[in-house]
Amino acid sequence: MLFKQKNKEHMKLDISSSQGSINVNSGSDVEKQIKMIRLTTYDLQVIHALQPFVVEEIDTIVARFYENLEHEPSLLTIIQDKSSIEKLKKTLKNHIVEMFSGTVDESYLEKRRKIAHIHVRIGLQTKWYMCAFQELLLSLMDVIEKNVIRKEECLLSIRAVSKIMNLEQQLVIETYAAEEEKLRSGAEEQKVAVRDQVASASQNLAAISEETNASLQQLNAQSAEITSLAKTGAELSTLTEERAQTGKEQLNHQNENMSNIEGTVNNITKDVEALLELSKQMQEIVDIVTSIADQTNLLSLNATIEAARAGEHGRGFSVVAEEVRKLSDQTKSSVSNVSGLISNSNSQINTLTHSLEKIRRAVGKGKSGMEKTENHFKEIVQKMEETKTQNSNIESELISFNSAIDQLGEAFSEVAVSAESMATVSQEMSEARFIYEQS
């Protein structure tokens, strides 16, 4: 193996204990690439002999590698977005040490391809990868110059390292190319799909534009009809408002009449109460007259008794007493009739009082109902005013709506024309692609 003695002038290359092996699929592109760059098992033995020096300087190599990335801030941004510097440093150390393992097999190749896929996925551009790789190569050259003193051994080491580095680059660039081809293929498929979608969408858009234009024309006619109905509604609102106002005024007159009736009923009630009072006074007088007649009748009876005792001398007085008694009976009978009439009058007065009370309550309810009806008419008038205002606003909005529909119809006509142009362009693109593929 390569080794470093105290006297550097006597250092020489010894690969007797180093290993080197190439184990790839026979007939594969990788085998052809290895042969074209003349990478041999002997080169891998030399590379394996250099591994201890690389391990010894690995921290310096990795630190130098990431210090160089500071020249392009976007690379640091990619690292910070996708991972971390410390994590990537550890990965790079393992990668470099494996590079000097002296073995190239499918596992080795797969690890390189995996790393290349990661580079593509995180968006690392090829130019920045090549720059970073060149810095890594320079660092390895420095390690060789520092540790391999003999010129022929130094040149042998440099040639071997350049070959393995070249293979690394080929694997990465090949992966980049495969990914780019995959992206181009996907992009082409997307273009075809987009073309087909544009053609289909343009056809659908043209059909939809025609249908929309027809619908807009129908909508325009319907909006015109709605405008006419809104005008009619405004006229009806005005007429209803006028009639409601008339009804309100009539209710006011009716309310005044009810108030007058209520006042008249109150006056009649007062007169009836005065009449009832007079009836009471008359009943008192009747009672007095009845009492007098009873007393007169009693006096007449006493006078008759006394006249009978007087005999012939009291006969004339007896006749007078009898006449007085008859007059008293007639008076009592007349007073009784008057009392009956007064009683009937009182009964009629009471009935009239109850009727007047019913009339008063009915008038009160009617007045209250008319007040409520008047309030309803007020609300109707207010609502009719609001409705009339709304109808006017609707009419104005419909006019603006009709104008917007006309403009929208013109816009859809332009869309239909654009859709036809898109269909034509899509057809031309398909024809151009067909000609390109045929050529």
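Every chain is numbered on its own, with residues counted from 1 as its sequence reads. At least 70 in pLDDT is required for a residue's local features to be given in this predicted model, at least 80 for side-chain atom pairs to be given and counted, and no such filter applies to totals for whole chains, interfaces and linings, which use all residues. The basis for the side-chain values is all heavy atoms of the structure; hydrogens and waters are excluded.

1. Re the overall build of the protein chain
And then number 1: The numbering of helices and of strands both runs from the N terminus, where a helix is a DSSP run of H or I of at least 4 residues and a strand a run of E of at least 2. Summing up its helical and strand segments, the protein chain has nine helices and two strands in all.
And then number 2: Taking all 439 residues of the protein chain together, 28% fall into the buried category.
And then number 3: Note on definitions: a residue-residue contact is assigned when non-hydrogen atoms from the two residues lie within 4.5 Å. Here the analysis covers contacts within the protein chain between residues at least 6 apart in sequence; of these, 82% occur between residues at least 24 apart.
And then number 4: What sets the accessible areas is the Shrake-Rupley method with a 1.4 Å probe; for residues, cover comes only from the shown protein chains. Split by element, the accessible area of the protein chain, about 27,700 Å² in all, is 55% carbon and sulfur. Remark: exposure states derive from per-residue accessible area (1.4 Å probe, protein chains only) relative to the maximum for the residue type, with buried under 20%, exposed over 50%, and partly exposed in between.

2. Focus on the nonpolar core
And then number 1: By nonpolar core is meant a set of buried Ala, Val, Leu, Ile, Met, Phe, Trp, Tyr and Cys residues that side-chain atoms within 4.5 Å join together. I96, F100, V104, V161, I164, M165 and L167 are the most contacted members of the largest nonpolar core, which totals 39 residues.
And then number 2: Counting residues per element, the ones that place at least two in this core are helix 1 (29-36), helix 2 (41-56), helix 3 (58-68), helix 5 (85-99), helix 6 (106-122), helix 7 (126-147) and helix 8 (151-310).
And then number 3: Tallying contributions element by element places helix 7 first for this core, with eight residues.

3. What about the pattern of salt bridges?
In a structure, side chains of opposite charge can pair up when their charged atoms sit close to one another.
And then number 1: We count a salt bridge whenever a side-chain nitrogen from Lys or Arg sits within 4 Å of a carboxyl oxygen from Asp or Glu. The tally for this structure, following the rule as stated, stands at eleven salt bridges.
And then number 2: As a salt-bridge pair, R64 and E135 come within 2.6 Å of each other at their nearest N and O atoms. Taken together, the residues R64 in helix 3 and E135 in helix 7 connect sequence positions 71 residues apart.
And then number 3: With relative accessibility at 13%, the residue E135 sits in the buried group.

4. What about helix 1?
One turn of an α-helix holds 3.6 residues; hence residues three or four places apart share an orientation.
And then number 1: What helix 1 keeps buried is the set V30, Q33 and I34. An end-on view of helix 1 places all buried positions within 100° of arc, on one side of the element. What points out from helix 1, more than 90 degrees from its buried face, is the exposed set D29, K35 and M36.
And then number 2: At the C-terminal side of helix 1, R38 shows a positive phi close to 60°. Each C-beta atom gives one direction from the helix axis, and the arc is the one those directions make.

5. Side note on the packing of aromatic side chains
The geometry of an aromatic ring pair comes down to the distance between the two centres and the angle between the two planes.
And then number 1: Each Phe, Tyr or Trp ring (for Trp, its six-membered ring) is paired with any other whose centre lies within 6.5 Å, and the angle between the two planes then decides the class: stacked below 30 degrees, edge-to-face above 60, tilted in between. Within this structure, the stated rule accounts for zero aromatic pairs.
And then number 2: Above the ring of Y108, the side-chain terminus of R112 is found at 4.1 Å from the ring centroid. In this scheme, the term charge over a ring applies when either NZ of a lysine or CZ of an arginine sits within 6 Å of the ring centre and within 35 degrees of the ring normal.

6. Quick notes on empty space enclosed by the protein
And then number 1: Cavity: a set of points on a 1 Å grid over the protein atoms alone where a 1.4 Å probe fits but cannot get out. Pocket: an open set with protein on both sides within 12 Å along at least five of seven lines, its lining residues, like those of a cavity, having an atom within 4 Å of a point. Grid points are joined across faces, edges and corners, and a volume is the space filled by probe spheres set on the points. A full pass over the atoms with the stated rule returns one cavity of 30 Å³ or more.
And then number 2: For the largest cavity, the calculated volume is near 40 Å³.
And then number 3: Lining the largest cavity, in full, are L50, F53, V54, F100, L140, V143, I144 and V161.
And then number 4: Looking at the lining of the largest cavity, the elements with two or more residues in it are helix 2 and helix 7.

7. Here's the deal with a nonpolar patch on the surface
And then number 1: Excluding any residue in a salt bridge, patches collect residues exceeding 30% relative accessible area, merging like charges within 9 Å and nonpolar Val, Leu, Ile, Met, Phe, Trp and Tyr side chains within 5 Å. Together, L298, L301 and I305 make up an exposed nonpolar region whose accessible area comes to about 270 Å².
And then number 2: Within the fold, I305 resides in helix 8.
And then number 3: The class for I305 is partly exposed, based on a relative accessible area of 40%.

8. Examining the environment of V338
And then number 1: The residue V338 is located in helix 9 (residues 315-438) in this model.
And then number 2: Taking the C-alpha atoms as reference points, V338 and Q283, 55 residues apart in sequence, are found 8.6 Å from one another.

9. Remarks on helix 3
And then number 1: Among all positions of helix 3, only I58, I61, V62, F65 and Y66 are buried. Down the axis of helix 3, the sector holding all buried residues measures 125°, keeping them to one side.

10. Describing the side chain of Q51
And then number 1: Topologically, Q51 is positioned in helix 2.
And then number 2: Overall, Q51 belongs to the buried group, its relative accessible area being 19%.
And then number 3: A polar atom in the side chain of Q51 sits 3.0 Å from the backbone oxygen of V97.
And then number 4: Excluding anything up to four places from it in sequence, Q51 contacts V97, F100 and S101. The definition of a polar contact used here is a pair of N or O atoms within 3.5 Å, where within protein one atom must be able to donate a hydrogen and the other to accept one, and adjacent residues in sequence count solely through side-chain atom pairs.

11. Things to note about the confidence of the model for the protein chain
And then number 1: On a scale of 0 to 100, pLDDT captures the predictor's confidence in every residue. On average, residues of the protein chain score 76 in pLDDT, and 78% of them are at 70 or above.
And then number 2: By mean pLDDT, helix 4 (residues 73-82) is the weakest element of the protein chain at 66, and helix 2 is the strongest at 90.

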